[in-house]
Amino acid sequence: MKLGVPLYSSGGGLVVSAHPALLPAPPTASLPKVQGASPDHGAHAALAGLLPDFFQAYATGDQAALSHYVLPGVSLAGLGGAVSFGSIASIDVPQGGSARDITVTVDWMLPGQVGLGAARLGTTYDMSVVDRQSGRWYVKDIRASTQPMGTP
């Protein structure tokens, strides 16, 4: 089945404008084949040290904390405490220059969930990062990933 949700957009905001509808499932599409780029192990190691702290700040939306990880002049709102940071499941960092597009999968912890077996929500982001100080990376942009699952 498919769930059709009518949305209205105005001024950058969204609202569900009517009740959703159950519809027949659309046909299955085939994902395009994606060729993975060679990984950059040095940049991967640097980002693996930085991104957990970034995502902790992103989860809370704490602007003072985010400013340590975000490129000067860039503002990211964060998630306002809707989730808390659990862990990073994967980071894909291709070879390139001082500006890169990377893909990061984060496991968020849901509110009220603690201990072993706590519910987690895995999400994947495409991010633009910039190396401004020989190994000190800054986040320029974060967005929902368009990468097919299981590919870098």
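Residues numbered from 1 in each chain as written. Predicted model: local features only at pLDDT ≥ 70, side-chain atom pairs only at ≥ 80, totals over all residues. Heavy atoms only, no water.

Caption draft 1: Focus on a nonpolar patch on the surface. Taken together, Met-1, Leu-3, Val-5, Leu-7, Leu-14, Val-16 and Leu-22 make up a surface patch of nonpolar side chains, about 790 Å² in accessible area. Looking at the secondary structure, you find Leu-14 in strand S3 (residues 13-16). (Patch = residues over 30% accessible without salt bridge, like charges linked within 9 Å, V, L, I, M, F, W, Y side chains within 5 Å. Areas by Shrake-Rupley, 256 points an atom, 1.4 Å probe, with all protein chains shown as cover. Salt bridge = Lys/Arg side-chain N within 4 Å of Asp/Glu carboxyl O. Helix = DSSP H or I, 4+ residues; strand = E, 2+ residues; numbered from the N terminus.)

Caption draft 2: The pairing of strand S7 (residues 120-131), seen in detail. Of the strand pairs in this sheet, strand S6 (residues 99-109) and S7 are connected by 11 bridges, and their pairing is antiparallel. Note on S7: the bridge partner recorded for Trp-108 is Leu-121. Pairing between S7 and strand S8 (residues 137-144): 7 bridges, direction antiparallel. Across the sheet, residue Ser-128 finds its bridge partner in S8, namely Asp-141. Hairpin connection from S7 to S8: 5 residues lie between these consecutive antiparallel strands, with Ser-134 at a positive phi of about 45 degrees. (Pairing = 2+ DSSP bridges.)

Caption draft 3: Structural context of the side chain of Thr-123. Looking at the element boundaries, Thr-123 is found in strand S7. Residue Thr-123 is classed as buried on the basis of its relative accessible area of 19%. Of note is the side chain of Thr-123, whose polar atom sits 3.4 Å from the side chain of Tyr-125. Discounting chain neighbours no more than four positions away, the residues touching Thr-123 are Val-104, Thr-105, Val-106 and Trp-108. (Buried < 20%, exposed > 50% of the residue type's maximum accessible area, 1.4 Å probe, protein only. Polar contact = N/O pair within 3.5 Å; in protein donor to acceptor, adjacent residues only side chain to side chain. Contact = heavy atoms within 4.5 Å.)

Caption draft 4: Seen up close, helix H1 (residues 41-60). Between its first and last C-alpha, H1 extends 29 Å over 20 residues, near the 28 Å set by a 1.5 Å rise per residue. Buried within H1 we find Ala-43, Leu-47, Leu-50, Leu-51, Phe-54, Phe-55, Ala-57, Tyr-58 and Ala-59. Put simply, Asp-40 is the residue that caps the front of H1, since its side-chain oxygen is 3.2 Å from the backbone nitrogen of Gly-42. Of the residues one or two after H1, Gly-61 is the one with positive phi, at around 80 degrees. (Expected span 1.5 Å × (residues − 1).)

Caption draft 5: Spotlight on the nonpolar core. Grouped together as the largest cluster of nonpolar side chains are 27 residues, with contacts concentrated most on Leu-51, Phe-54, Phe-55, Trp-108 and Met-127. For this core, the secondary structure elements donating two or more residues are H1, strand S5 (84-92), S6, S7 and S8. It is H1 that contributes the most residues to this core, 9 residues altogether. Not counting the four nearest positions on each side in its chain, Met-127 is found in contact with Leu-51, Phe-54, Phe-55, Arg-100, Asp-101, Ile-102, Val-104, Val-139, Asp-141, Ile-142 and Arg-143. (Core = buried A, V, L, I, M, F, W, Y, C linked by side-chain atoms within 4.5 Å.)

Caption draft 6: Main features of the packing of aromatic side chains. The final tally for this structure, using the stated rule, is 7 aromatic pairs. Between Phe-54 and Phe-55, the aromatic rings sit 5.0 Å apart at their centres with planes inclined by 75 degrees, giving edge-to-face as the arrangement. Residue Phe-54 shares its accessibility class with Phe-55, and that shared class is buried. Considering the side-chain rings of Phe-54 and Tyr-58, the 5.6 Å spacing of their centres and the 20 degrees angle between planes classify their relative orientation as stacked. Here the residue Phe-54 and the residue Tyr-58 both occupy positions in helix H1, the gap between them amounting to 4 residues, near one helical turn. Both residues of the pair, Phe-54 and Tyr-58, belong to the buried class. (Phe/Tyr/Trp six-rings, centres within 6.5 Å; stacked < 30°, edge-to-face > 60°.)

Caption draft 7: Focus on the side chain of Asp-40. Within the secondary structure, Asp-40 is located in the loop between strand S4 (21-23) and H1. At 2.9 Å, the side chain of Asp-40 and the side chain of Arg-100 are in polar contact. Contacts of Asp-40, omitting those with residues within four sequence positions, involve Val-93, Pro-94, Gln-95 and Arg-100.

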